[in-house]
Structures are given as structure tokens and as C-alpha cells.
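Tertiary structure, described
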Amino acid sequence: MLRVLTLSTLFPDATRPNFGVFVARQVAALSRRDGVAVRVVAPLGLPLWPLSRHPRYRGWDAVPRREVGDGVTVDRPRFRIMPGTGGRFHVAALTRALVPLLDSLRADFPFDVIDASFFFPDGPAAVALGRRYGVPVSIKARGADIHHWGHAPSTAAQVRAAGRAADGLLAVSAAMRDDMAAIGIPAERVRVHHTGVDLTRFAPAGDRDALRASLGIAGPLVLSVGALIPRKGHDVAIAALARLPDATLAIAGEGPEHVRLAARAAAAGVADRVRLLGPVAHDDLPRWFAAADVMALASSSEGLANAWVESLACGTPIVITDVGGARDVVRDDAAGRIVARDPAAVARAIGDLLTHPPARDAVRAHALRFTWDANAAALHAHLAGLVHLHQAAGG
């Protein structure tokens, strides 16, 4: 039996059901494999009162300390963060908070390996905990954990040191591996580990016109999925819409840019054709993907966005910027287009796909290799290999 402790500050809870939902899907798939048992530790970082009363943390006090989902037990310990310090003390605070929990947990779940599913602060903390408990550690890089924390002056050294000390390393794309190498983490130690998609839930669904009508939309639909933050480039999609007079743009996501994006739509004269949907439950996303003619996301950085693959699985081509694993996903014109982060370029690509739509089956074919079964099998082999090497070395 391989006993895996998954450590992830990126994990859904009752207040944020879409937050890190792909980590939860990965854990569920891994736990279904024969010979594997998984426990999850999903810490919540909270500042001291009164900052803990900030709307960002609303409802966190009510999140259960322990619950079971998809047959996996999830512990949610709290650790103290210090706003204004650039994350400098996150790792130390997280490690201190986890020691008593893991000391207790090991009595009934003597884990063989720690799988850190986000690089910071999870990765450096996992390295310290791996040494304490004498088990190997794997760390996965997903995107912002390297692009932000791996470059921020207060945390870059911690990210780099963890990358060099971990027993195993994963990256969501080949480009992410290159980004890790650029900050001093040896590329030859990094294994590419693609995300998964539920091909049963995310699939083409009947007549697009009828599906759009059920959503209250007539005519061509462009969908953009992602947090309402500058990095996702929703403002670029809004500017592109001004060049596409017959289309509607639906943006699924929440975040601090909501008011600014609404203002941008009004200023561009397209407010009547922009739908800011707010947070759409992950289980409701398939019908939006299936209803859309194109999914457009003009990100300034990514690892390998799950929304890309989910869209393809629904038979909907994508228009994305040349970031992260874009070239791992868009391999020919049936999958979509890779364009400059420019409204005119985005509009041209969307217009071309609206005029010459690829067959849905041809689009979906690009998602067929991204399954949760394949993801779990690769993760199982990776973690089991680390345990084997650790034991062979006398660990």
C-alpha cells in the first residue's frame, strides 16, 4: 500500500468551491487506484484580527477542520500569515502549524511520501516536514507559484532551495519546466505531469443554438473562463469583442477586476454584449463550454490552464496567448489559435473560427489524452518511484 499525504493550500472548500478544484479531482483519481491511500492537508492562511475580518476571508472560520469528500479525508488546519511581508514568513508559519497535526495523523496514517501540489508555501514546508518524518517529498509547479513566488524578492530563495532539495519535481507543462530552470531549479529533475479532464462531463452537448437559447443568448458566443485578475486578460477579450459586432462575450469568474471590466465594456460600447457571470460552479461549466463557439483567454502567464482542456473536451476551439503549455495543447488549427496578447489579433482569430468552425470531434480529439486516469497513473508511478528510491537508499 502506498500512503500519500497530499499537502495543498490550493484546494476547494465550502466558501470557494472552484478554488483548486483540479487538485481535488487529481486527489480523487489517485485515491481510486488499487494499492493507494490518500489523506489531504489543505491549510488556510489567515491574518490576525482585525485583518481576518476582511471580505477576502469571509466564511473561513466556519470551514470544517476535517471533512470527507470523494472518500478522502481532508484536514484544514489554520496558519498565520502576515500581510505586507511579501510571504516571507509563510513557510515557517505553515510548518509550525502542521507539525502537531502530522504528529497526530501519523499514528493512524503512517504516510510514505508527501505530495505538495502547489510550490509555495507548500513546497518548502513539505521539504522541512519530509526531513522531520523521514519520507520523500514531491513538489508540483502549476503557474503563479513559480511566476510570482519564484521571482518575488522575499520568497524566491525559498522556492529555489525547495526545488533543489525535493526528492521529485513535477510541472504542468514543458514550458513550466523551462520556467523552473530559469530560476535555478535543475530541469533534468522535473517531470512533466499534465492535468486531467472528465471526458464524460465535459463533452459536446447537442444543438449549440438551442443550448445558447437556454442560457438566454442568441448568436455567436465567445466564452472566457478564469479569475477576474489582470493576468487573465479579460480586458483584452472585451476590446476584441468591439471588433466582432454580432458576438456575445460571457466571462465566468470572480475577482477584484469585476467593476473595472464592467467599466471597460461600457467604454468600448459593448456592455450590452458582455455577460459577467460571476463564479460559475465547476459542475455548471460544461454547458457554457458546449454552448460557446470559441473560448478565448488572453493570459499574460499560465502553467497549463484547465479551462483550455475543458473547452476542447466540449468540442469548442480556443484562442489563447503563447504562454505556458499553450503549444502542448494547440497542436493544429482544429484545436484553435495561439495569438499575440492584442485585441486585434484575438478578434481576427475568433472571427476566423466563427467563419470556419472546425468539426467538434476534431476539436475534442485534442483533449482525449488529458484524462484523470492518465494523470493519476503517472502520479502514482512518480510517487511510488520516489518511495522505492528512498527505501533503497536506507531511508
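The name that an unreviewed UniProt entry assigns to the protein is Glycoside hydrolase, with the source organism given as Sphingomonas ginsenosidimutans.

**Describing the packing of helix H8 (residues 234–241) against helix H13 (residues 343–355)**
Where H8 contacts H13, the two axes come as close as 8 Å, and the packing angle between them is 65°. Here the hand of the crossing between H8 and H13 comes out right-handed. Between H8 and H13, the residues in contact are Val-236, Ala-239 and Ala-240 and Pro-343, Val-346 and Ala-347, respectively. Its residues assigned to classes, the contact of H8 with H13 comprises six nonpolar, no polar and no charged.

**Digging into the side chain of Asp-75**
Relative to the elements of secondary structure, Asp-75 occurs in strand E5 (residues 72–75). For Asp-75, a relative accessible area of 3% gives the class buried. A polar side-chain atom of Asp-75 sits 3.2 Å from a polar atom in the side chain of Arg-39. Leave out the neighbours within four places in its chain, and Asp-75 touches Arg-39, Val-40, Val-41, Ala-42, Arg-65, Arg-66, Leu-101 and Leu-105.

**Side note on the side chain of Ser-311**
Within the secondary structure layout, Ser-311 lies in helix H11 (residues 306–313). On the accessibility criterion, Ser-311 (0% relative accessible area) is buried. Residues within four places of Ser-311 in sequence aside, it is in contact with Phe-289, Met-295, Thr-316, Pro-317 and Ile-318.

**A short note on unusual backbone geometry**
Glycine aside, the phi torsion of most residues is negative, and most peptide linkages are trans. The step from Phe-120 to Pro-121 runs through a cis peptide bond, and the omega angle for that step is 0°. We note that Asp-70 has phi near 55°; this positive angle belongs to a residue other than glycine. Given the relative accessible area of 62%, Asp-70 is considered exposed.

Criteria and cut-off values
- Residues numbered from 1 in each chain as written.
- Predicted model: local features only at pLDDT ≥ 70, side-chain atom pairs only at ≥ 80, totals over all residues.
- Heavy atoms only, no water.
- Axes fitted to C-alpha atoms, helices over the stretch in contact; angles between N-to-C directions.
- Helix = DSSP H or I, 4+ residues; strand = E, 2+ residues; numbered from the N terminus.
- Left-handed = near helix turned anticlockwise from the far one by under 90°.
- Contact = heavy atoms within 4.5 Å.
- Nonpolar A, V, L, I, M, F, W, Y, C, P; charged D, E, K, R; others polar.
- Buried < 20%, exposed > 50% of the residue type's maximum accessible area, 1.4 Å probe, protein only.
- Polar contact = N/O pair within 3.5 Å; in protein donor to acceptor, adjacent residues only side chain to side chain.

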